[in-house]
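Here is how the chains run, residue by residue.
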Amino acid sequence: MQNLIEINDIHHRVHASFSIHIDQLFFQDGPIYAIAGDNRAGKSALLRVLALLDTVDEGRITLFNTEARNSRQRTALRRRIGFLSQHPALFRGTVRENIGLGLRYRSVDPEESVIRIRRLLKNFAMEKYADMPVSQLSAGQYQLTALLRSLAPYPEILLLDEPTRQLDQDTYNAVVDHLKMLNDERAVMVILATKSRDVIQRLANITINMRDGKVVRILTGEHQKKVGNGKGLRVS
Amino acid sequence: MLIEALQLLIQLNGAVFLNIANALEVAGYIIILALVTGLPIGMLTGVHTFRFRRLVLYLLHIWLFLPATGLGIFISYLHTDQFISPLGFIFWGALLTIPIIAGLTADVISSDSRATRDETLALGASRWQMYATMARQKREQIYGVVTVGIARVFTEIGGFYLMISFVFKQGFPSVPVFELSNAPEHLAVAIGLFLFGVLVYSGLHIVQFKKDT
């Protein structure tokens, strides 16, 4: 297993009263990672830093053994990542146009784009909404469209912030199964920030607990199930 | 005076339309210069956070409200005769219009720029793709900003014609000088009416475009 993401002694000031500070954290290909914690634990801030949307004040982050030193390198790395923010913003247009946006940025062949979009819409029973303006979507459909938009470019790393928010049960199950499939069959690294114990139990192989901007605990293996009652092992 | 001005337009008075053509040509150059300069300044200021961003926005808004008379007084201490020329007028007009385009574009873009910017970057957009996406998201508001800029140009040109006709008693160097007996103020009003009509038509066209999209 190789380290796809390495965090070394980072300090990032999110705003005046909150910052995240992580000594060392490695994400290896293989497991699905869950970043868990209460509000203001730093989950979203950590994901944004991993997605190269925010620059750390100190320390190093490397993705695919590369540290982004300029905007071109950042763009190149971001094109290998799929990111879903906690409050995603879709752009004016239809569901189909939004899902295809990342593909257009990467200049993916139009025919290939059509195939990928169609496949995603079909997998999540969204075909009949393909040409609907996003302004007319329900909250769950909006969230799902944003998620599909991040999946369409076939990223190697998925960074998802509360991906199952606002989803109905069937869609929730479909999303969980799809993420598991991506990890098992296509070796996509999945890192999700979540407060949902069900998502952690169903998906995560490794859970990283955060509090006040720091990693306080890392749980692996069968000890995942102990996340719910707050007890766990400290992994050295 | 209004009736005489309308008569000049209805009779398709050659001098009127020659001056209108000159005025539109100058206005066109001003608008192009203001757009080429103001839109990028507004876009960059609206999208990016940088150290003196607030100061830049503040100065743009101060500059935006700079009255033409204030600038005119400043220019009068310079080589005034160089500004009573199409080139000078283009420069002067652009100085008044750039802050409108830049300042209002920055306001329009910055309203939800962080979320939009982050989403586009997260999707793998390059910097230019990000700018294009953000501009597309706000295209109607940007059209509105451009319309306001065009309106400013036309009003300044109308005011300039009044000024040169009443004060200098002459037209642009490239058109015949008007004799006092031709009552140049009617000419200025006629030109102003025509330009106002162009402005209203453009505005209606933009509103229709917005409806269609």
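Definitions and cut-offs
- Residues numbered from 1 in each chain as written.
- Chains lettered and ligands numbered in written order.
- Predicted model: local features only at pLDDT ≥ 70, side-chain atom pairs only at ≥ 80, totals over all residues.
- Heavy atoms only, no water.
- 1 Å grid on protein atoms, 1.4 Å probe; cavity = no way out; pocket = protein on both sides within 12 Å on 5 of 7 lines; lining within 4 Å.
- Points joined across faces, edges and corners; volume = space filled by probe spheres on them.
- Helix = DSSP H or I, 4+ residues; strand = E, 2+ residues; numbered from the N terminus.
- Nonpolar A, V, L, I, M, F, W, Y, C, P; charged D, E, K, R; others polar.
- Contact = heavy atoms within 4.5 Å.
- Pairing = 2+ DSSP bridges.
- Axes fitted to C-alpha atoms, helices over the stretch in contact; angles between N-to-C directions.
- Buried area = accessible area lost by both parts, 1.4 Å probe.
- Salt bridge = Lys/Arg side-chain N within 4 Å of Asp/Glu carboxyl O.

Enquirer: Explain empty space enclosed by the protein here, please?
Expert: It is a probe the size of a water molecule, rolled over the atoms, that shows where empty space is left. This structure, assessed with the given rule, holds two cavities of 30 Å³ or more. There is about 30 Å³ of room inside the second largest cavity. Those elements giving two or more residues to the lining of the second largest cavity turn out to be β5 (81–84) and α6 (139–151) of chain A together with α7 (113–122) of chain B. If you tally residues by element for the lining of the second largest cavity, the top one is α6(A), at three residues. Its residues placed into classes, the lining of the second largest cavity shows five nonpolar, one polar and two charged.

Enquirer: Please clarify how the environment of A:Arg104 should be interpreted in this entry.
Expert: If you trace the backbone, A:Arg104 turns up in helix α4 (residues 101–105). Sequence-distant contacts of A:Arg104, defined by excluding residues within four places in its chain, comprise A:Glu97 and B:Gln129.

Enquirer: Mind showing me how you'd approach the sheet that holds strand β7 (residues 189–194) of chain A here?
Expert: Within a sheet, each strand pairs with its neighbour through backbone hydrogen bonds, oriented either parallel or antiparallel. Residue and element names in this part refer to chain A. Strands sit in the order β5-β6-β7-β3-β8-β9 across an open sheet of six strands; the sheet is mixed. Each edge of the open sheet carries a strand with a single partner, namely β5 and β9 (214–220). Recorded for the sheet is a direction-independent mean angle of 15° between the axes of neighbouring strands. Lying over the sheet, α6 contacts β5 and β6 (157–161), oriented at roughly 165° with respect to β5.

Enquirer: What is the right way to look at the interface of chain B and chain A in this model?
Expert: Accessible area lost on assembly of the parts is the figure often given for the size of an interface. With 18 residues of chain B at the contact, the number on the chain A side is 21 residues. Where chain B abuts chain A, roughly 1,700 Å² becomes buried across the two surfaces, and 48% of that area is made up of carbon and sulfur atoms. Run the count over chain B and chain A and you get four salt bridges. Across the pair A:Arg149 and B:Glu119 runs a salt bridge, and its minimum N-O distance is 2.8 Å. Where the side of chain B that touches chain A is concerned, the elements lending two or more residues are α7, α8 (127–137) and α9 (139–168) of chain B. If you tally residues by element for the side of chain B that touches chain A, the top one is α7(B), at seven residues.

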